[in-house]
Structure formats: C-alpha cells, structure tokens
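Here is what each chain is made of, one letter per residue.
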Amino acid sequence: MSKSLANISLPAEETALVSATEQRKQSHVELCLNADVDFVITNGFERYRYAHNAAPELNFSDIDLSTTFLGRRISYPFMISSMTGGYAGATFVNQLLAEACQELGIPFGVGSMRQALENTTQRESFSVVRRAAPTIQIFANIGAAEVAAGLSPAQYRLLIDLIQADGLIVHLNPAQELFQPEGNTNFKGLLRELKILTTELSLPIIVKEVGCGISAPVAERLLEAGARVIDVAGAGGTNWQKVEALRHEHKFGNNARFSPSALAELMNWGIPTAQCLEDVSSLRTRYPEMELISSGGITNGIEIAKSLSLGATIAASAKPMIQALLVNNGGKDAVKSRIQTMMNDLRAAMFLVGAKSIASLREIKLVKTA
Ligand SMILES: Cc1cc2nc3c(=O)[nH]c(=O)nc-3n(C[C@H](O)[C@H](O)[C@H](O)COP(=O)(O)O)c2cc1C
C-alpha cells in the first residue's frame, strides 16, 4: 500500500477551511474508530437458534453462497453499507472499500452525498468508486430530511450520475438528527416526496435506517410509497445517538438537553435487528417483490445465516468494515479477509443445518427462545 491509512485527519489549518458537512463526515469516521459507540442492547440474534442437523446430506466444499440481489447475481449474500464520502480523506477510504467489494463480487453503498449537492470540492470522493468498481452494484445515498425538503430532479440526477449508481438509498435517521448539534428534525412530507421520487426515478429505491430499526408498519408505508428494498439497520450495532452525543459534548461541553433518565432510555432507543427482520418479512405475502437487508450490528456469519432464515435477501455491515480498513492500517486486504471469515462462519452454519444453497438456508426455520 503506497499511502498510510493510519492518520486520515486533516491538519488543523485545513480543517478551518472545510465546510460543516465535511467536518461532520470526518468526525463520524474518527469517532467510529476511536470511541465506544455501540448499543448496550444486542441485535437480538441470540434469541433465535437453529435445530442442529447431525446428518447433513452434503459435502461442506459444495456449499454455494452466491445469490441474487435486485436482479443481479452476487458472490455472497452481503454488502458493505453506506458510510462515507464528502471530505478529503474519504476518497481513499471509498476507493479501497469499493475495490474490496469489486474483488469479492458484492454490492457497495457510498455515504450520504449531501456534501456533493452543496459544492463541487469533494465530488471525487464519490466518483472514485465507479472507477474502482466498474461492474458491481453501487448505491447512491441521501438523507430523509433532504428528501422531505424536496430535492429537484436535477439534484437526484447528479447523485446518480456521479457514481453511475444502480439505485438510490434514502436513509431514515430521526434519532441521529435529534442528537446532532446541527441536526435537521423536519421529516414532514417524507412519504409524499418518496412517492414522487419512486415514480420519477427509473432506478430502485432502498430505504434504510442507520441503527434504530424499521418496524413492520413503517416498512409498509415505505413499500406503499414505492420503496423496493427495506434495509432494517436495527439496534445492536453502531449507535448514532452516542456518536452525535459525543460530538455535541465536544461542541457544547455537555449534553444537558434531556433529563438523565430520559437520556439513558434514548441512548438505547431502537428495535433490535432480528426483531425487525421477523416483523418486516411478514409483509412479503402482500409485497412479494420486497427485498430485505439485514443490518445493524452484524459481526459474524452465523448472524447472516439467521438473517436469511428470518427472511432477509442479504445482510450488510458498516462499522466493522471501516474498522478493518483503517485500524492498524489493515487496508483492503483486511476488509476482504474480515468478509471471507464471516462467509466461512456462514458456511459452517449452513453445513450444520444441512443447507447447500442460500435458497435452501432461507427455508430452514429458527426456534425463538424467550
Ligand atoms: C462511519 C460511518 C458513517 C456512516 N454514514 C452513513 C451515511 O452517510 N448514510 C447512511 O445511510 N448510513 C451511514 N452510516 C450507517 C450505516 O450504514 C449503518 O446503517 C449503521 O452503522 C449500522 O450498521 P453497523 O452496526 O454495521 O455499523 C454510517 C456508518 C458508519 C460506521
């Protein structure tokens, strides 16, 4: 690797020149690498167990992890979730994450592209991904608050064209915005704008949370508005209330906006990922075209196996991927190796339940414990 990944911070004099959005995107990455920003509550997968199959009628080496996502064949039921872009250090990060996905044959989502709508300075941090990953599915990303405010068709076109996107991810992050020092808490009009967007844009729309989960009634409203994919991004992994509370403390010295007991509850606000999957997948009878992504605290392949048995099309992960890339200068090979290890966990689970393919794994039922 020619360039060091250890320090992606800008020098202080350069930080003074960058916009608030650029600084925010950079501090998100730094906090995710250096602070404890995980939920106290778990992702809930430990409540679901497989019945062991002592006589799996298959050869471990014949297990096939390939599957289909939005009409395209992918090597594994996994993608790297939306994280970054929009500041100087993000170009290298996005390039390496995209290269890892290209080499593994899995989809990739860039982080919020709001900064690219504000000015032209950091657009390279997004456009680099299509050069790094010419043939995989790549997804653009924008926040619900921007969608609710009403972006123009030209602005949506810019986001898509910048990375020649295969679809657009809209992220729902009300709890994050609530805790963000400069947060936008006006989500009014979101469903109306989403409906207009899904009608006018010829590409699939994925709607995701960022770690508080999507319930079945909310998923139903999103599907009704034309969303093609729901990414539950449930509680149990990265906690954006924590990330933003830390940023708020750095900016204002304390977090005295809420009563201490309310703060404790808000810090664990959200629906565990496994619960979201069980609830949202029940909508499939009414929305057979729905594709479902399991994310929020996914750290191993047993959780991916359980996700698929609970109805997910694929799983996804964010913070563990950027940690693999940047901690100890791991680089692209560390990201690929982290994913390969998770895929080997998945193979192990498939062997022990006797599932040779992802389709047959989806048929295996889990037992829910109290
Ligand atoms: C550094 C970082 C930046 C993120 N930025 C975005 C973003 O811009 N847009 C988005 O939709 N989600 C963003 N996320 C949220 C993730 O996509 C994901 O939903 C969330 O972190 C939960 O997954 P995890 O537990 O695997 O990290 C970000 C996550 C990380 C770790």
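All of these numbers come straight from a predicted model, not from anything done at the bench.

The rules behind each value
- Residues numbered from 1 in each chain as written.
- Predicted model: local features only at pLDDT ≥ 70, side-chain atom pairs only at ≥ 80, totals over all residues.
- Heavy atoms only, no water.
- Near = heavy atom within 4 Å.
- Polar contact = N/O pair within 3.5 Å; in protein donor to acceptor, adjacent residues only side chain to side chain.
- Areas by Shrake-Rupley, 256 points an atom, 1.4 Å probe, with all protein chains shown as cover.
- 1 Å grid on protein atoms, 1.4 Å probe; cavity = no way out; pocket = protein on both sides within 12 Å on 5 of 7 lines; lining within 4 Å.
- Sits in = over half its atoms within 2 Å of the grid points.
- Helix = DSSP H or I, 4+ residues; strand = E, 2+ residues; numbered from the N terminus.
- Nonpolar A, V, L, I, M, F, W, Y, C, P; charged D, E, K, R; others polar.
- Points joined across faces, edges and corners; volume = space filled by probe spheres on them.
- Phe/Tyr/Trp six-rings, centres within 6.5 Å; stacked < 30°, edge-to-face > 60°.
- Lys NZ or Arg CZ within 6 Å of the ring centre and 35° of its normal.
- Core = buried A, V, L, I, M, F, W, Y, C linked by side-chain atoms within 4.5 Å.
- Buried < 20%, exposed > 50% of the residue type's maximum accessible area, 1.4 Å probe, protein only.
- Contact = heavy atoms within 4.5 Å.
- Axes fitted to C-alpha atoms, helices over the stretch in contact; angles between N-to-C directions.
- Parallel < 35°, antiparallel > 145°, perpendicular 65-115°, else oblique.
- Left-handed = near helix turned anticlockwise from the far one by under 90°.
- pLDDT = per-residue confidence, 0-100.
- Arc of directions from axis to C-beta.

With that settled, the discussion passes to the site of the ligand. Neighbouring the ligand are 23 residues, the closest being Lys25, Ser82, Met83, Ser112 and Thr238. For the ligand, a nitrogen atom lies 2.8 Å from a polar atom in the backbone of Met83. Considered on its own, the ligand offers 600 Å² of accessible surface; in the complex 97% of this is hidden by protein. Here the ligand is seated within the largest pocket. Elements that contribute at least two residues to the shell around the ligand include exactly α2 (20-34) and α15 (319-326). Take the shell around the ligand: its biggest share by element is 3 residues, from α2. Within the shell around the ligand, the residues separate by chemical class into 8 nonpolar, 11 polar and 4 charged.

Bringing the layout of surface pockets into the picture now. Volume-wise, the largest pocket comes out at about 740 Å³. For the largest pocket, the lining is made up of 44 residues, of which Ser82, Met83, Lys208, Val210 and Trp240 are closest to its centre. Going through the elements one at a time, α2, α8 (174-179), β11 (314-317) and α15 are the ones with two or more residues in the lining of the largest pocket. The dominant element in the lining of the largest pocket, judged by the number of residues it contributes, is α2, at 6 residues. Residue classes in the lining of the largest pocket are distributed as 11 nonpolar, 23 polar and 10 charged.

The next point concerns the packing of aromatic side chains. With the rule as written, the count across this model stands at 3 aromatic pairs. Here the aromatic rings of Phe60 and Phe351 are separated by 5.6 Å at their centres, their planes lie at 85 degrees, and the arrangement is edge-to-face. A residue pair is termed long-range when its members are at least 10 positions apart, and Phe60 in the loop between β1 (48-49) and β2 (67-69) and Phe351 in helix α16 (residues 331-353) qualify at 291 residues. On the basis of an interplanar angle of 45 degrees and a centroid distance of 5.4 Å, the ring pair of Phe179 and Phe258 is categorised as tilted. Remark: Phe258 occurs in the loop between α11 (240-252) and α12 (260-266) and Phe179 occurs in helix α8; sequence separation between them is 79 residues. Sitting over the face of the ring of Phe179, Arg257 holds its NZ or CZ atom 5.9 Å from the ring centroid.

For the rest of this paragraph, the subject is the nonpolar core. Counting residues in each nonpolar core, the largest one holds 94 residues, and the members touching the most others are Phe78, Leu168 and Ile230. The greatest single-element share of this core, amounting to 9 residues, is contributed by helix α3 (residues 90-104). Dropping the residues within four chain positions of it, Ile230 is found in contact with Val207, Ile214, Ala219, Leu222, Leu223, Val280, Met290, Glu291, Leu292 and Ile293. Core analysis: the next-biggest nonpolar cluster, separate from the first, contains 11 residues, Phe69, Met79, Ile206 and Ile293 among them.

Our focus in this paragraph is the packing of α3 against helix α5 (residues 124-132). Axis separation between α3 and α5 bottoms out at 8 Å; the angle between their running directions is 25 degrees. It follows from the interaxial angle that α3 and α5 lie roughly parallel. When you trace α3 past α5, the crossing you get is right-handed. Contacts between α3 and α5 involve Ala90, Thr91, Asn94, Gln95, Ala98, Glu99 and Gln102 from the first element and Glu124, Ser125, Phe126, Val128, Val129 and Ala132 from the second. Counted by class, the contact of α3 with α5 contains 6 nonpolar, 5 polar and 2 charged residues.

Here we come to the confidence of the model for the chain. Looking at the chain, pLDDT values average 93 and 94% of them are 70 or higher. For residues 1-16, every residue scores under 50 in pLDDT, and the model assigns this stretch 22 contacts once sequence neighbours within four places are set aside.

For the rest of this paragraph, the subject is helix α13 (residues 273-281). Taken together, the buried positions of α13 are Thr273, Ala274, Cys276, Leu277, Val280 and Ser281. Projected down its long axis, α13 shows its buried positions confined to an angular sector of 160 degrees, all on one face.

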